Amino acid sequence: MINRDAILASAKKTILSESESIANLVNYLDDDFAKAAEIIYNCKGRLVVTGIGKSAIIAQKIVATLNSTGTPSLFLHAAEAIHGDLGMVQPGDAVICISKSGNSPEIKVLVPLLKRFGNILIAMTANKTSFLGKESDYVLNAYVESEACPNNLAPTNSTTAQLALGDALAVCLMEMRDFKAEDFAKYHPGGALGKKLLLRVGDMLDATHKPQVSPDSSIKTAIVEISEKRLGVTAVIENDTIVGIITDGDIRRMLNDRDNIAGVTAADIMTKNPKTIKSTDMAADALNTMENFAITQLVVADGGEYKGVLHLHDILKEGIV
């Protein structure tokens, strides 16, 4: 049986082999790549990406990346295309066909049909002189010297190279479109990523939990307010203006420092000029402020108007971190 050292040696050899294949791709980038990017950028239709076998799986990933970065794309399985799915391709669409050999039977059937429709055809192949390479308008050279597979059979280096070329194309198109983080968020509204880019402070505020006392309120009143609203803090409001906050930490320190709390008011123990944030600010910015000042609550105010308190737990609950 193979030992652990041999297993690790094999894994390292595979990773190095694939990384070298990717690095070598820069030597094969030429004007066809730039022209293909321009064609896709100016395309009035969609980008159709097709392939067969493992290349079809890579095509699906490329489509997913392109769709999420502003290039409308769809996947077309080469085998299914010649059995009815070719109707997915519309006039004005551009097509990328992925095939290592460029000579697969399904590709040889599909390519003439695409050419007949008049769609611009972009090949991604390791063999520029193949049937696919010769029949295409542009060729993205995905040449690899060999596979990482010890038998030089299983697609490894070749599919990694295809994936890297697809990523390179997607990033070029992002830069051509001046695609921003805000644009990315539009296509990723769910999950932590979408929330981090889209969720605002006001979206997390609970209007029914808006702790507040006046400066002359008793300590008991402040404690009850903090306890009932369960945010660990209460704002101190005077004439509709935020003049301070009292945290549960302030209460503990007061009890440690004073033997007699009779007559002590909110104004006596409050922290003046608390950190605030607007309800329209991003939740991610609120989190950064909390981290920078080592605090767990922020008073939310719009134009001086008290809106509530945002707690670190509200942000954690949304899964932004």
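Counting starts from 1 at the beginning of each chain's written sequence and moves along it residue by residue. Selection of residues for local features in this predicted model requires a pLDDT of at least 70, selection of side-chain atom pairs for listing and counting requires 80 or more, and totals for whole chains, interfaces and linings are taken over all residues. Hydrogens and water molecules were not included; the side-chain quantities draw on all heavy atoms of the structure.

Draft legend 1. Spotlight on the overall build of the protein chain. Regarding its fold elements, the protein chain presents 14 helices and twelve strands. Accessibility here uses a 1.4 Å probe with only protein chains present; expressed as a share of the type maximum, an area under 20% marks a residue as buried, one over 50% as exposed, and anything in between as partly exposed. Counting only residues that meet the buried cut, the protein chain has 42% of its 321 residues in that class. In the protein chain, the proportion of contacts linking residues at least 24 apart, taken out of those at least 6 apart, comes to 61%. Note on areas: Shrake-Rupley, 1.4 Å probe, and residue coverage restricted to the protein chains presented here. Here the protein chain has roughly 17,100 Å² of accessible surface; of this, 52% comes from carbon and sulfur atoms. All tallies of charge rest on Lys and Arg as positive and Asp and Glu as negative; His and the ends of each chain are not included. Charged side chains are reduced to one point each, which is NZ for Lys, CZ for Arg, CG for Asp and CD for Glu. Looking at the protein chain, you have 32 positive and 39 negative side-chain charges, and the mean spots of the two groups are 3 Å apart. Per the convention used, a helix needs a DSSP run of H or I reaching at least four residues, while a strand needs a run of E reaching at least two, with both numbered from the N terminus. Contact definition: two residues touch when any of their heavy atoms are within 4.5 Å.

Draft legend 2. Expanded view of the sheet that holds strand β5 (residues 138-141). DSSP calls a pair of strands paired once it identifies at least 2 bridges connecting them. Spatially, five strands are ordered β2-β1-β3-β4-β5 in an open sheet, and the strand pairing comes out parallel. Among the strands making up the open sheet, the edge pair consists of β2 (73-77) and β5. Geometrically, the sheet is characterised by an average inter-axis angle of 20 degrees between neighbouring strands, direction not taken into account. Inspection of the sheet shows strand β1 (residues 47-51) paired to strand β3 (residues 94-98) by five bridges, in the parallel sense. Residue pairing for β3: Leu 47 is matched across the bridge by Ala 94. Throughout, an axis means a line fitted to C-alpha atoms (over the contacting stretch in the case of helices), and angles, computed between N-to-C directions, take values from 0 to 180 degrees. Contacting β1, β2, β3 and β4 (120-125), helix α3 (residues 54-68) runs over the sheet at an angle of about 170 degrees to β2. The sheet strands contacting helix α5 (residues 105-117) are β1, β3 and β4, and the helix crosses β4 at an angle near 155 degrees.

Draft legend 3. Molecular detail of the nonpolar core. Throughout, nonpolar core names a set of buried Ala, Val, Leu, Ile, Met, Phe, Trp, Tyr and Cys residues whose side chains join them through atoms within 4.5 Å. Judged by nonpolar contacts, the single largest core of 26 residues is most densely connected at Ile 96, Met 124, Leu 140 and Leu 169. Broken down by secondary-structure element, the contributors of at least two residues to this core are α2 (31-42), β1, α3, β3, β4, β5 and α7 (157-176). Residues contacting Met 124, with those up to four places away along its chain left out, are Ile 62, Ile 96, Cys 97, Ile 98, Ser 99, Leu 140, Ala 142, Gln 162, Leu 165 and Gly 166. One finds Cys 97, Val 111, Leu 121 and Leu 132 within the second-largest nonpolar core, a separate group that totals 20 residues.

Draft legend 4. Here's a closer look at unusual backbone geometry. Notably, Arg 230 is not glycine yet its phi reads approximately 55 degrees, a positive angle. We classify Arg 230 as exposed; its relative accessible area is 73%.

Draft legend 5. Examining the environment of Arg 46 more closely. Along the chain, Arg 46 falls in the loop between α2 and β1. In the structure, Arg 46 is positioned 25 residues away from Thr 71 in sequence and 7.6 Å away in space, judged by C-alpha atoms. Sequence-distant contacts of Arg 46, that is, excluding residues within four places in its chain, are made with Pro 72, Leu 74, Met 88, Val 89, Gln 90, Asp 93 and Ala 94. Within the structure, Arg 46 has its side chain in polar contact with the side chain of Asp 93 (distance 2.6 Å). Each polar contact in these results corresponds to two N or O atoms within 3.5 Å; when the atoms are within protein, one needs to be able to donate a hydrogen and the other to accept it, and residues that are neighboring in sequence are counted only if both atoms are side-chain atoms.

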